[in-house]
Amino acid sequence: MTVPRHFDKDIEELNHLLLRMGAMVEDAMARSIRALLERDTVLANEVIARDDEIDRMEIVIDQKTIELIAKMQPTANDLRFVATIMKITPELERIADLAQDVCERAIELNREPMLKPVSDLPRLAHDAQAMVRDALDAFVRGDAALARKVIAQDDNVDALTESSFRNLLTYMLEDARNISSAIRLTFIGKYFERMADGATNICEMVVYLVEGKMIKHTALAAADE
Amino acid sequence: MITLVLEPEPKAATSQAATSMNDDTKISVRDFDFFYGAAKVLHGISLDIPARKVTALIGPSGCGKSTFIRSINRMNDIIPEARASGTIAIDGRDVYRGDTDVVELRRRVGMVFQKSNPFPKSIYDNVAYGLRIGGMRNKRQLDDIIERSLTRAALWHEVKDRLQASALALSGGQQQRLCIARALAVDPEILLMDEPASALDPIATSKIEELIYELKDNYTIVIVTHNMQQAARVSDRTAFFMLGRVVEYAETNAIFMNPKEKMTEDYVTGRFG
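From a predicted model like this one, the values you see are computed outputs, not experimental measurements. (Residues numbered from 1 in each chain as written. Chains lettered and ligands numbered in written order. Predicted model: local features only at pLDDT ≥ 70, side-chain atom pairs only at ≥ 80, totals over all residues. Heavy atoms only, no water.)

Draft legend 1. Local environment of the overall build of chain B. Check the secondary structure of chain B and you find ten helices and eleven strands. For chain B, whose C-alpha radius of gyration is 19 Å, the value lies close to the compact-globule estimate of 19 Å for 273 residues. Counting only C-alpha atoms and orienting by the principal axes, one finds that chain B spans roughly 50 × 40 × 35 Å. Evaluated residue by residue, chain B yields a buried proportion of 55% over its 273 residues. Pairs at least 24 apart in sequence give 68% of the contacts found in chain B among residues at least 6 apart. Computed over 35 positive and 35 negative side-chain charges, the inter-centroid distance for chain B is 3 Å. (Helix = DSSP H or I, 4+ residues; strand = E, 2+ residues; numbered from the N terminus. Rg over C-alpha atoms; globule rule 2.2 N^0.38 Å. Buried < 20%, exposed > 50% of the residue type's maximum accessible area, 1.4 Å probe, protein only. Contact = heavy atoms within 4.5 Å. Lys, Arg positive; Asp, Glu negative; His and termini not counted. Charge placed at Lys NZ, Arg CZ, Asp CG, Glu CD.)

Structural data, given as structure tokens:
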């Protein structure tokens, strides 16, 4: 027979805070993609301005987590939950920082003439966005299978980053006046790739949360054991 | 009067709880049942307790962990109407065999209880008690062993200048360490500890825990504790008992980070009611 614990309320509150932070990060990422693709400087500035809120959220979650460890000394699934929150929060904060970086580059790009469309980059952005969304869904649902699916998509995003870079390189070789914009777009490609890495790290923690297995730094094959 | 149901040959493990984790097994328990009269309080306990490690027994009150620990050195023999079946083998020899010398068994398997129980004698005489019963009379030899035992129990420096003072004048934590020194004096191989720190304040508790950590280099230690954080801190392996059965027995890390059984998880996270 299980009994209700006041600790469950703390866990619930922490969960709620993380989901709020997750929603803010998803929103920042979506807006950064729109600001980039629609060349919207106002929107880009909004994303940059809201980053402080996400940073504050990170501090609130950190304090709450440390408090729980000190007072409740969590074990078993409680311990894995608290550890997961501690590892996921900085990943989310970093993804938000990268969205901010995308916006900064977007603003710089808007000051320059538009480069020819780079088809791989929007795909890369949307794939990375889907990975972050699915990573958060996997966390909410405690879905290790979905988490593993997200991890498997990381290679695809890496390949897109590489092909987008090659594409941009041809523009640079074609015309030296493209270099400035193309370099900024190369950076942006890298930012999205790193957001996808963040989603992968979150998913590794979801597998740990659900199964107690550390799959970090191991091949997927080992993770499937 | 105790009636023992003796098993001539140790039986092979049948319970899933029988776990050997590739260590030297000191105590091997197989299909061990225990009854108080008609009431069966332990059901088919099977587990291998490793040498020179700390094994913690946890579980709610009445789950059988104290009965089990007292079965290892046959302390339950003194309870009328108690009987046991199955085997508890130390170094491969069943302690419930008819020809077991129970006094010698209890010398090899020392015990420390929840409430410290020093004799109303001097500190020195408390530690010397078991040795004198064993026939030791040589003062110098006694002195040496008493110093060594008190040192091992991390008490020597606190009492060396007042060995003739009454043991009852010591603090609760010191009395408990004195009882550990008394158990160590007769050179046991196994130390059973039944909630050794539950009556102590946090400082005395932490001294006992440090001591347990030190002692495991030389002794096989089995500890019953209600304090789960204590089990997590001091033990290498943990067995979770519930209603007289071993629900899960594993490395302590696994029990506290990723237990396999839902019941264990509910217990260690305090969801259990």
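Past the structure itself, the notes keep going.
Draft legend 2. Structural context of the pattern of salt bridges. Applying the stated criterion across every chain, the model contains 42 salt bridges over all chains. Here R105 of chain A ties to E104 of chain A by a salt bridge, and the two come within 3.7 Å at their closest N and O atoms. A salt bridge links R237 of chain B to E251 of chain B, with the nearest nitrogen and oxygen atoms 4.0 Å apart. In this pair, R237 of chain B sits in strand β10 (residues 237-242) while E251 of chain B sits in strand β11 (residues 245-251), placing the two residues 14 residues apart along the sequence. Taking relative accessible area as the criterion, R237 of chain B reaches 2% and is therefore assigned buried. (Salt bridge = Lys/Arg side-chain N within 4 Å of Asp/Glu carboxyl O.)

Draft legend 3. Quick look at the nonpolar core. Core analysis: the biggest nonpolar cluster contains 72 residues, and L185, I188, F192 and M195 of chain A have the highest contact counts within it. Within the residue set of this core, elements represented by two or more residues are α1 (6-37), α2 (41-72), α3 (76-110), α4 (120-141), α5 (144-174) and α6 (179-211) of chain A. Here this core takes 15 residues from α6 of chain A, the largest share from any one element. Once residues within four sequence positions are removed from consideration, L185 of chain A is found in contact with L36, L109, L115, V118, L121 and L168 of chain A. With 51 residues, the next largest nonpolar core counts A76 of chain A together with I145, I146 and L155 of chain B among its residues. (Core = buried A, V, L, I, M, F, W, Y, C linked by side-chain atoms within 4.5 Å.)

Draft legend 4. Representation of the confidence of the model for chain B in the model. Residues and elements named next belong to chain B. When pLDDT is averaged along chain B, the result is 90; 92% of the residues meet or exceed 70. Within the model, the stretch residues 1-18 combines pLDDT values under 50 with 38 contacts to residues more than four positions away or in other chains. The ipTM, which scores confidence in the relative placement of chains, is 0.77 for this predicted complex, and the corresponding pTM is 0.83. (pLDDT = per-residue confidence, 0-100.)

Draft legend 5. Examining the packing of aromatic side chains more closely. If you walk through the whole model with that rule in mind, you get eight aromatic pairs over all chains. Between F81 of chain A and F139 of chain A the ring centres are 6.2 Å apart and the planes differ by 25°, which places this aromatic pair in the stacked class. You can see F81 of chain A sitting in helix α3 and its partner F139 of chain A sitting in helix α4, a full 58 residues away along the chain. Exposure remark for F81 of chain A: the relative accessible area of 10% places this residue in the buried category. Relative to F241 of chain B, the ring of F68 of chain B has its centre 5.5 Å away and its plane inclined at 40°; by these criteria the two rings are tilted. Remark: F241 of chain B occurs in strand β10 and F68 of chain B occurs in helix α1 (residues 65-72); sequence separation between them is 173 residues. Of the two residues, F68 of chain B and F241 of chain B, both sit in the buried class. Every member of this aromatic cluster is reached through a ring pair, and the members are F32, F34, Y36 and Y96 of chain B. Against the face of F35 of chain B rests R83 of chain B, its NZ or CZ located 3.9 Å from the ring centre. The positively charged end of R182 of chain B is found above the aromatic ring belonging to F119 of chain B, 4.2 Å away from the centroid. (Phe/Tyr/Trp six-rings, centres within 6.5 Å; stacked < 30°, edge-to-face > 60°. Lys NZ or Arg CZ within 6 Å of the ring centre and 35° of its normal.)

Draft legend 6. Region of interest: helix α6 (residues 172-185) of chain B. Residue and element names in this part refer to chain B. In this model, α6 (14 residues) spans 20 Å end to end at C-alpha, consistent with the 20 Å of a helix rising 1.5 Å per residue. Burial within α6 is extensive, with 13 of its 14 residues counted as buried. After α6 finishes, the residue D187 shows a positive phi value of roughly 60°. (Expected span 1.5 Å × (residues − 1).)

Draft legend 7. A look at the packing of α1 of chain A against α3 of chain A. Residue and element names in this part refer to chain A. Two elements in contact, α1 and α3, have axes separated by 9 Å at closest approach and are oriented at 20°. Considering the angle they form, α1 stands roughly parallel to α3. In this structure, α1 crosses over α3, and the sense of that crossing is left-handed. Across the contact of α1 with α3, the residue classes tally to 20 nonpolar, four polar and two charged. (Axes fitted to C-alpha atoms, helices over the stretch in contact; angles between N-to-C directions. Parallel < 35°, antiparallel > 145°, perpendicular 65-115°, else oblique. Left-handed = near helix turned anticlockwise from the far one by under 90°. Nonpolar A, V, L, I, M, F, W, Y, C, P; charged D, E, K, R; others polar.)

Draft legend 8. Quick peek at the side chain of T100 of chain B. Along the chain, T100 of chain B turns up in the loop between β6 (93-94) and α2 (102-108). Sequence-distant contacts of T100 of chain B, that is, excluding residues within four places in its chain, are made with R74, R93, D94, V95 and L105 of chain B.

Draft legend 9. Summary view of the sheet that holds strand β8 (residues 190-194) of chain B. Residues and elements named next belong to chain B. Taken in spatial order, the six strands of this open sheet run β7-β8-β9-β4-β10-β11, and their pairing is mixed. The two strands at the open ends of the sheet, each matched to only one other strand, are β7 (109-112) and β11. Looking at each pair of strands side by side, their axes are set apart by 15° on average, direction ignored. Sheet topology places strand β4 (residues 54-58) next to β10; four bridges connect them, and they run parallel. Residue pairing for β10: L57 is matched across the bridge by A239. Of the strands in this sheet, β4, β7, β8, β9 (220-224) and β10 are in contact with α1, which crosses β8 at around 155°. Here helix α7 (residues 202-215) sits on the sheet and contacts β4, β8 and β9; the angle it forms with β9, its principal contact strand, is near 150°. (Pairing = 2+ DSSP bridges.)

Draft legend 10. Broad picture of the environment of D97 of chain A. Residues and elements named next belong to chain A. Structurally, the position occupied by D97 is in helix α3. Relative accessible area serves as the criterion here: at 24%, D97 is assigned to the partly exposed category. In contact with D97, other than residues within four places in its own chain, are D51 and D55.

Draft legend 11. Geometry of a nonpolar patch on the surface. All names here are of chain A. Together, I66, I69 and M86 make up a nonpolar patch on the protein surface, roughly 250 Å² of accessible area in all. Here I66 shows up in helix α2. For I66, a relative accessible area of 49% corresponds to the partly exposed category. (Patch = residues over 30% accessible without salt bridge, like charges linked within 9 Å, V, L, I, M, F, W, Y side chains within 5 Å. Areas by Shrake-Rupley, 256 points an atom, 1.4 Å probe, with all protein chains shown as cover.)

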